[in-house]
There are 2 protein chains.
Amino acid sequence: MAPQLESFFKKVDELAESFIDRLRHAVAIPSVSADPERREEVVRMGRFLASELEALGAEVHQRPLGRQRGIDLDLPPVVIARYGHDKAKRTILVYGHYDVQPALREDGWTTPPFELTIDDEGRMFGRGSTDDKGPVLGWLNAIQAHQQIGLELPVNILFCFEGMEEYGSEGLEEFIKAETDQFFKDTDVVCISDNYWLSTGKPCLTYGLRGCNYYSLVISGPSQDLHSGVFGGAAQEPMTDLIHVLGRLVDTDGQILIPGIKEMVAPLTNEEKALYDGIDYTMDDLYESLGSRTSAFPDPTRTLMARWRYPALSLHGIEGAFSATGAKTVIPAKVTGKFSMRTVPDMTNVNELVFQYVRDEFAKLNSKNTLDVYCQHEGKWWITSPGHWNFTAASKAVTAVFGVKPDMTREGGSLPIVTTFANVMDKNVLLLPMGRSTDAAHSINEKLDRRNFIEGTKLLGAYLHYAAEEPLVEASEHHHRQDGKEVKKSGGRSAHNVPKILHL
Amino acid sequence: MAPQLESFFKKVDELAESFIDRLRHAVAIPSVSADPERREEVVRMGRFLASELEALGAEVHQRPLGRQRGIDLDLPPVVIARYGHDKAKRTILVYGHYDVQPALREDGWTTPPFELTIDDEGRMFGRGSTDDKGPVLGWLNAIQAHQQIGLELPVNILFCFEGMEEYGSEGLEEFIKAETDQFFKDTDVVCISDNYWLSTGKPCLTYGLRGCNYYSLVISGPSQDLHSGVFGGAAQEPMTDLIHVLGRLVDTDGQILIPGIKEMVAPLTNEEKALYDGIDYTMDDLYESLGSRTSAFPDPTRTLMARWRYPALSLHGIEGAFSATGAKTVIPAKVTGKFSMRTVPDMTNVNELVFQYVRDEFAKLNSKNTLDVYCQHEGKWWITSPGHWNFTAASKAVTAVFGVKPDMTREGGSLPIVTTFANVMDKNVLLLPMGRSTDAAHSINEKLDRRNFIEGTKLLGAYLHYAAEEPLVEASEHHHRQDGKEVKKSGGRSAHNVPKILHL
């Protein structure tokens, strides 16, 4: 470890209480983006962030995104900032968000959600503590600690902090597109701290996300709902047809029954398989998070692969049918089954396969009812090379702070912002989480552990140092990429950043 | 036709406007039993009915039923009355109800729902016009017309008018049980005018109803809803299991796939088949009521049989899954499928077959999730002999008033009150509808045609005359039943009144 990191770490420890005060101040601003009545609080949080960045000497702009769709309200501004402008240094684009999920005490919070409350175990409860105010402030903390020990940052940082992440990031993709060759033009790599460790004890770096295609399968028959006493047996019922078609999509073990899907999944190589060795995850971890033992697989590796690198199809529910408690003898006239498929490399043209299969299965029913099927929204999968210098730098930072090598993980869910940065800017994106798996982001009693916040601040700072020093060539692929940039996978489908090392 | 009927019919025509005024008065009382705030109006409607009966010279009682379950409110009284007490005459027990379904102008009514409004075609719009105030007042009209021509009724009438029919008839079964050997002890047969013609032009008599067993099929796995991104593929999903089991209950053509159900259905005899000949019903009637051509069968007879004499299984919906518009990537932790089976003679022990089949099919899935299945409520099927003198009397009355023989019909839905009278009192029950198929009971713009009200009044009066004269022996079964009473079918299962003639 470089000597300058030691004094940086020491300073972070010294400043810990003031960092926690900064987080306390941020949590106290209820910047709930989903609630139009709280929009002014979101804007206030943006202003707080801007003023903190300015106090550190950054060049800060609050960029308007225009009106929100459908309501008479301005979107909160994107807070962008530049810290350092040295052409000789690498430039890291840091993304985060300053809005939070809704939270009401009566939802079941044991402490006031907008009041940072620290318990005996150092758990700091409060909405936004881990998602994403703690990580966002971690960057500011790291800069502050550097300034106080008189140590210059070895990289330039560009900040992009948005205020609508929890409500769809409206307008952000267009903004990033517009700024790619403007404010963000010096970007070498992107770093996002907005996900979580896989476990409670071991840090991780995240190199892939599944995509998500969400479908509506509509079957309609009569022009209005019918009484099952009067018409049961005499009319073909849309619900019966829908249940039959939905039942042919996936089996109890999660195997997708749509031909052609499995065949597109990138084969598991030995190199990729090796990434799963030693990952800090047990079946008990799964059982604990499920609250049951209803796993699809008996071992942790196959379980993680099922979450990360294999597709899944979930049946979410039915719109238009009876869904309340009690009993209603209705024959619904029009029912919409909702299901989604989590997509993975190298799946492509998934919608066509789904539509054709659904139509074929419905045709087999020989029903007089009418079928419609469409994709409500599509989020693309993302994968990047964990051998890129952005990752090796972060890995060294983890070792420097926590004394372990990080787990190399993927996520089963999608993070649209990641795909946006990867696709629009064509840069390597590193997900460098600060919080733990148990932080309850989006739930009641969200928390960030004091240790994760303080050591996480060290981690972000250390990462900047290693990122400055890391050689451009990738260890396992130096003959292919001299410039440190990723190359598009042949075919370049879906405009994903898909380096050749992808199947590691 | 007997001469005294001619003068009765003439008097009914003369009094038509005053009868319509009586209905207008009744419709103006918003006796909505579902709405606690309108309870006083229900009680007021009961008082109005009692005073009208008293004005006709009946012995009237308003019997309390105690408190309503779950709320601090008295149930409306049952209005019972006796008109005539001649031991030499037969006694007809007449049931009806004086409460109505909710109705709000803004639901889409084109006229004020509690203001009887008559259009150019003689359609009398108003909540309760056809269900059931028109028929109830029809009995009073018939008595009044008799009195005005100085003609004595040839039967005694016992009235039982309740005020909670549209909200579950709470307390009525116990009341009927208690009065069977008391106030109702002279009852020979029961007549209920609370259903509808099969079509718009031809009267019918109704001799059967399907039962309804309503099931909940619960599948649970994790202890709370999961995110499909994080857990999709790694956990066994209760929705997948539920959809698979629901999909094995019934096929697109409405065939129930549970072994043993079909086998219990009473075989169709030639005699029963003959009852379907000439029934006023076409496929266009079905298509019009469906608003589509999505029928299960191409011909009207098979369609009517599917509604009346064959079982049906409808999938109503799912509780616990995502049911709103839009998209939610949830893996529901616990889902409850709701389905019901319409039961018919001679089905018995249906629940056991359903439970066993569901458990077997779930077991085949080899899932780690947990299954529970139970019957939410069970309404028994009912069938009586259309050869009973109660029916032949009504048939002659139809011919006297309308000049046609009535269709002999059944209903696909259940009318719990019918089963109550049939089972508790063990008397023949005749359903003698006044309104048409298009009357929109329970819907917006409920109406009763002026013709149905006035000719229906004649029908009820004429029925009383033929009921007085009809020989006790049944045409097709005189050797079995000398006393005019029905005998229980061997085995007496479910305590239904099941005469041997049942399979006619």
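Source: prediction; values computed, not measured. (Residues numbered from 1 in each chain as written. Chains lettered and ligands numbered in written order. Predicted model: local features only at pLDDT ≥ 70, side-chain atom pairs only at ≥ 80, totals over all residues. Heavy atoms only, no water.)

**Considering the overall build of chain A**
Line of reasoning, step 1. Broken down by element type, chain A carries 15 helices and 18 strands.
Line of reasoning, step 2. Over its C-alpha trace chain A gives a radius of gyration of 24 Å, about what one expects of a compact globule, namely 23 Å for 504 residues.
Line of reasoning, step 3. Seen through its C-alpha atoms, chain A measures out along the principal axes to roughly 85 × 55 × 45 Å.
Line of reasoning, step 4. Total accessible area computed for chain A in this model is approximately 18,500 Å², and 49% of it derives from carbon and sulfur atoms.
Line of reasoning, step 5. Between the centroid of the 53 positive side chains of chain A and the centroid of its 70 negative side chains there is a distance of 3 Å. (Helix = DSSP H or I, 4+ residues; strand = E, 2+ residues; numbered from the N terminus. Rg over C-alpha atoms; globule rule 2.2 N^0.38 Å. Areas by Shrake-Rupley, 256 points an atom, 1.4 Å probe, with all protein chains shown as cover. Lys, Arg positive; Asp, Glu negative; His and termini not counted. Charge placed at Lys NZ, Arg CZ, Asp CG, Glu CD.)

**Digging into the UniProt feature "site: Important for catalytic activity" (unreviewed entry) in chain A**
Line of reasoning, step 1. The UniProt entry lists A:His227 under the feature "site: Important for catalytic activity" (unreviewed entry), expressed in the numbering used here.
Line of reasoning, step 2. Along the chain, A:His227 falls in strand β10 (residues 226-227).
Line of reasoning, step 3. The exposure class assigned to A:His227 is partly exposed, which follows from its relative accessible area of 38%.
Line of reasoning, step 4. Once residues lying within four places of it in the same chain are set aside, the contact partners of A:His227 are A:Gly232, A:Thr329, A:Ile331 and B:Arg342. (UniProt positions renumbered as here; feature names shortened; annotations may be inferred. Buried < 20%, exposed > 50% of the residue type's maximum accessible area, 1.4 Å probe, protein only. Contact = heavy atoms within 4.5 Å.)

**Details of the packing of aromatic side chains**
Line of reasoning, step 1. Summed over all chains, the structure comprises 20 aromatic pairs over all chains.
Line of reasoning, step 2. Measuring from ring centre to ring centre gives 6.0 Å for B:Phe183 and B:Phe184, while their planes differ by 75 degrees; the resulting arrangement is edge-to-face. Of the two residues, B:Phe183 and B:Phe184, both sit in the buried class.
Line of reasoning, step 3. Here the aromatic residues A:Phe175, A:Phe183 and A:Phe184 are joined through ring pairs into a cluster of three or more.
Line of reasoning, step 4. Seen from the ring of A:Phe297, A:Arg302 lies directly overhead, with NZ or CZ sitting 4.1 Å from the centre. (Phe/Tyr/Trp six-rings, centres within 6.5 Å; stacked < 30°, edge-to-face > 60°. Lys NZ or Arg CZ within 6 Å of the ring centre and 35° of its normal.)

**Remarks on the sheet that holds strand β14 (residues 370-379) of chain B**
Residues and elements named next belong to chain B.
Line of reasoning, step 1. One open sheet holds the four strands; their spatial order is β11-β13-β9-β14, and the pairing between them is antiparallel. Of all strands in the sheet, those bounded by a partner on one side alone are β11 (312-319) and β14. The average undirected angle you get between the axes of adjacent strands in this sheet is 20 degrees.
Line of reasoning, step 2. Direction of pairing for β11 relative to strand β13 (residues 334-343): antiparallel, over a ladder of seven bridges. Opposite leucine 313, over in β13, you have methionine 341 as the bridge partner. (Pairing = 2+ DSSP bridges. Axes fitted to C-alpha atoms, helices over the stretch in contact; angles between N-to-C directions.)

**A few points about the relation of the copies chain A and chain B**
Line of reasoning, step 1. Once chain A is rotated about the relating axis by 180 degrees and shifted along it by 0.2 Å, it coincides with chain B to within an RMSD of 0.2 Å. Here the copies are linked by what is in effect a two-fold axis. Measuring from the rotation axis to each C-alpha of chain A, the shortest distance belongs to A:Ile243, at 2.9 Å. (Least-squares fit on C-alpha atoms with pLDDT ≥ 70 in both.)

**What to know about the nonpolar core**
Line of reasoning, step 1. Counting residues in hydrophobic clusters, the biggest one holds 207 residues, and the most contacted among them are A:Tyr463 and B:Tyr463.
Line of reasoning, step 2. Ignoring sequence-local partners within four residues, the contact set of B:Tyr463 consists of B:Ile92, B:Trp139, B:Val189, B:Cys191, B:Asn390, B:Ala393, B:Ala394, B:Ala397, B:Leu430 and B:Leu432.
Line of reasoning, step 3. Core analysis: the next-biggest nonpolar cluster, separate from the first, contains 26 residues, A:Ile176, A:Trp382, A:Leu415 and A:Ile417 among them. (Core = buried A, V, L, I, M, F, W, Y, C linked by side-chain atoms within 4.5 Å.)

**A word on empty space enclosed by the protein**
Line of reasoning, step 1. The final tally for this structure, using the stated rule, is seven cavities of 30 Å³ or more.
Line of reasoning, step 2. Empty space within the largest cavity amounts to approximately 70 Å³.
Line of reasoning, step 3. Around the largest cavity sit A:Gly233, A:Ala235, A:Gln236, A:Glu237, A:Thr240, B:Val250, B:Asp251, B:Thr252, B:Asp253, B:Gly254, B:Ala312 and B:Leu313, which together line it.
Line of reasoning, step 4. Of the residues that constitute the lining of the largest cavity, the class distribution is four nonpolar, five polar and three charged.
Line of reasoning, step 5. Around the second largest cavity, the lining residues are A:Val250, A:Asp251, A:Thr252, A:Gly254, A:Ala312, A:Leu313, B:Gly233, B:Ala235, B:Glu237 and B:Thr240.
Line of reasoning, step 6. Taken together, the residues that form the lining of the second largest cavity break down as four nonpolar, four polar and two charged. (1 Å grid on protein atoms, 1.4 Å probe; cavity = no way out; pocket = protein on both sides within 12 Å on 5 of 7 lines; lining within 4 Å. Points joined across faces, edges and corners; volume = space filled by probe spheres on them. Nonpolar A, V, L, I, M, F, W, Y, C, P; charged D, E, K, R; others polar.)

**As for the side chain of A:Arg82**
All names here are of chain A.
Line of reasoning, step 1. Examined against the element boundaries, arginine 82 turns out to sit in strand β2 (residues 78-83).
Line of reasoning, step 2. The class for arginine 82 is buried, based on a relative accessible area of 13%.
Line of reasoning, step 3. The residues touching arginine 82, leaving out its near neighbours within four places in the chain, are Ala58, Glu59, Ile157, Leu158, Phe183 and Asp186.

**Focus on the domain arrangement of chain A**
Residue and element names in this part refer to chain A.
Line of reasoning, step 1. Per the domain assignment, the segments making up chain A are domain 1 (5-209 + 381-469) and domain 2 (211-265 + 310-379).
Line of reasoning, step 2. Distance between the C-alpha centres of domain 1 and domain 2: 39 Å.
Line of reasoning, step 3. Each partner contributes to the interface: domain 1 provides seven residues, whereas domain 2 provides nine residues.
Line of reasoning, step 4. Both faces combined, the contact of domain 1 with domain 2 buries some 550 Å², and carbon together with sulfur accounts for 57% of it. (Domains from an automatic or database assignment. Buried area = accessible area lost by both parts, 1.4 Å probe.)

**Re the interface of chain A and chain B**
Many descriptions give the size of an interface as the accessible area lost when the pieces come together.
Line of reasoning, step 1. Listed as interface residues are 75 residues of chain A and, on the opposing side, 75 residues of chain B.
Line of reasoning, step 2. Between chain A and chain B lies a buried interface of about 5,700 Å² when both sides are counted; carbon and sulfur atoms form 52% of it.
Line of reasoning, step 3. If you sort the residues of chain A by the area they bury against chain B, A:Thr252, A:Thr294 and A:His316 come out on top, with a joint share of 11%.
Line of reasoning, step 4. Where chain A touches chain B, the interface holds zero salt bridges.
Line of reasoning, step 5. Here the element with the most residues in the side of chain A that touches chain B is strand β11 (residues 312-319) of chain A; it accounts for eight residues.
Line of reasoning, step 6. Its residues assigned to classes, the side of chain A that touches chain B shows 29 nonpolar, 34 polar and 12 charged. (Salt bridge = Lys/Arg side-chain N within 4 Å of Asp/Glu carboxyl O.)

**Things to note about helix α5 (residues 172-179) of chain A**
Line of reasoning, step 1. Those residues of α5(A) not exposed but buried are A:Leu172, A:Phe175, A:Ile176 and A:Glu179. For α5(A), the buried positions fall inside an angular range of 95 degrees around the axis, keeping them on one side. (Arc of directions from axis to C-beta.)

**Topic: the packing of helix α4 (residues 172-179) of chain B against helix α13 (residues 416-425) of chain B**
The description of two helices packed together rests on the angle between their axes and the distance between the axes.
Residue and element names in this part refer to chain B.
Line of reasoning, step 1. Between α4 and α13, the shortest axis-to-axis distance is 10 Å and the interhelical angle comes to 30 degrees. Classified by the angle their axes make, α4 and α13 are roughly parallel. For the crossing formed where α4 meets α13, the hand is right-handed. Contacts from Leu172, Glu173, Ile176 and Lys177 in α4 reach Ile417, Thr420, Phe421, Val424 and Met425 in α13.
Line of reasoning, step 2. Broken down by class, the residue content of the contact of α4 with α13 amounts to six nonpolar, one polar and two charged. (Parallel < 35°, antiparallel > 145°, perpendicular 65-115°, else oblique. Left-handed = near helix turned anticlockwise from the far one by under 90°.)

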